[in-house]
Amino acid sequence: MKIHPYLAGLAALACLAGCSGEPVAAPAAQQQAPAAAVAEPAEQAVTTDVELVAAATKAKYVFPVKAKNVSYHKTHSGYPATDIFAACGKPFLATTGGVVLEVSRVDRYKKGKPDGPYNGGKFVSILGDDGVRYYGSHLSVVGTGITKGVRVKAGQQVGKVGKTGNSSGVCHVHYGISPACKKTGDWKVRRGVVWPASYLTSWRKGGAKSPAAAVKSWNAKHKCKP
């Protein structure tokens, strides 16, 4: 059974999720096995294609900005992503259940500088249980307690809409969907590689369209290289 290259670190992230207080039940086969069998290498801890598809099928998805007056584009300048427009201060939510990968609480962007990792200003990226990374930037604030390794639930507030970074002074969230690459700070991939609009439309209507297959297909061709 083939294992996703970009999911090789999921076992470590699963540990982080368990350490945050969520109980993790051992598979039934391990519970019934004798002590000697438990000592065998835990190869089952690695997420496989079948498990990923199952997770995506069961995943709950939530439209990531909670506001009555909110809009977004089907396209984006330069690469696949979208900007979700809403008033500053409106809640930015976790798209689905998962683990926080990266957080920036400080706006280090300098106007006039070339594109780079500071463009997003304050941001949060989350590795969903479906194997997809969800990234929201230009936030005005990152939520208290939202730190690397923390498990979040679908719909949980993780920040607020803002205009930090290279936002052109307009309140919005830059929203990107991508694989979770091994290299931390891989901003060119993190900012988005799959068009989000069709998924946002589904989630806004209460649907559960998953980007897992599209992200898997992109990464099979690109191997996390933009």
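In the block above lies the structure referred to throughout.
On a predicted model such as this, the values are computed, not experimentally measured, just so you know. (Residues numbered from 1 in each chain as written. Predicted model: local features only at pLDDT ≥ 70, side-chain atom pairs only at ≥ 80, totals over all residues. Heavy atoms only, no water.)

> I'm lost on the state of the cysteines in this one. Help?
Where two cysteines share a covalent bond between their sulfur atoms, that bond is called a disulfide. Enumeration over the complete set of coordinates arrives at two disulfides. Between the sulfur atoms of Cys 88 and its disulfide partner Cys 171 the distance amounts to 1.9 Å. Torsion about the S-S bond of the Cys 88 and Cys 171 cystine: about -100°, corresponding to left-handed handedness. Highlighted residues: Cys 88 in the loop between strand S2 (82-85) and strand S3 (91-93) and Cys 171 in the loop between strand S9 (157-160) and strand S10 (172-179), separated in sequence by 83 residues. On the basis of relative accessibility, which here comes to 21%, the residue Cys 171 falls in the partly exposed class. (Disulfide = S-S within 2.5 Å. Helix = DSSP H or I, 4+ residues; strand = E, 2+ residues; numbered from the N terminus. Buried < 20%, exposed > 50% of the residue type's maximum accessible area, 1.4 Å probe, protein only.)

> I would appreciate a short explanation of the side chain of Thr 95 in the present structure.
Tracing the backbone through its elements, the reader meets Thr 95 in the loop between S3 and strand S4 (98-104). Beyond its immediate stretch of four places on either side in the chain, Thr 95 contacts Lys 60, Tyr 61, Val 62, Pro 64, Tyr 134, Ala 154, Tyr 175 and Trp 203. (Contact = heavy atoms within 4.5 Å.)

> Even after reading the chapter, I still don't get the pairing of strand S5 (residues 122-128), so can you show me in this structure?
The side chains of a regular strand alternate between the sheet's two faces. By the criterion of burial, S5 is predominantly enclosed, with seven of the seven residues buried. Of the two faces of S5, the one carrying Lys 122, Val 124, Ile 126 and Gly 128 and the one carrying Phe 123, Ser 125 and Leu 127 are both buried. Examined bridge by bridge, S4 and S5 share six bridges and lie antiparallel to one another. Directly across from Val 100, in S5, lies its bridge partner Ile 126. Relative to strand S6 (residues 132-139), S5 runs antiparallel, the two being bridged by six bridges. The partner of Phe 123 across the bridge, within S6, is Ser 137. Linking S5 back to S6 in an antiparallel pair, the connection comprises three residues, with Gly 131 at a positive phi of about 85°. (Pairing = 2+ DSSP bridges.)

> Is there a simple way to explain the nonpolar core in this structure?
As a rule of thumb, soluble globular proteins bury nonpolar side chains together. In terms of nonpolar packing, the biggest core is built from 36 residues, with Phe 63, Val 65, Ile 84, Tyr 175, Ile 177 and Trp 203 touching the most fellow members. Once residues within four sequence positions are removed from consideration, Ile 84 is found in contact with Phe 63, Pro 64, Val 65, Val 70, Ser 71, Tyr 72, His 172, Val 173, Tyr 175 and Leu 200. (Core = buried A, V, L, I, M, F, W, Y, C linked by side-chain atoms within 4.5 Å.)

> I would appreciate a short explanation of helix H6 (residues 197-204) in the present structure.
The α-helix advances 3.6 residues per turn, and as a result positions three or four apart in sequence lie on the same side. Among the residues of H6, Ala 197, Tyr 199, Leu 200, Ser 202 and Trp 203 are the ones counted as buried. Summarising the contacts, the buried residues of H6 are in contact with strand S1 (71-72), S2, S6, S10 and helix H7 (212-222).

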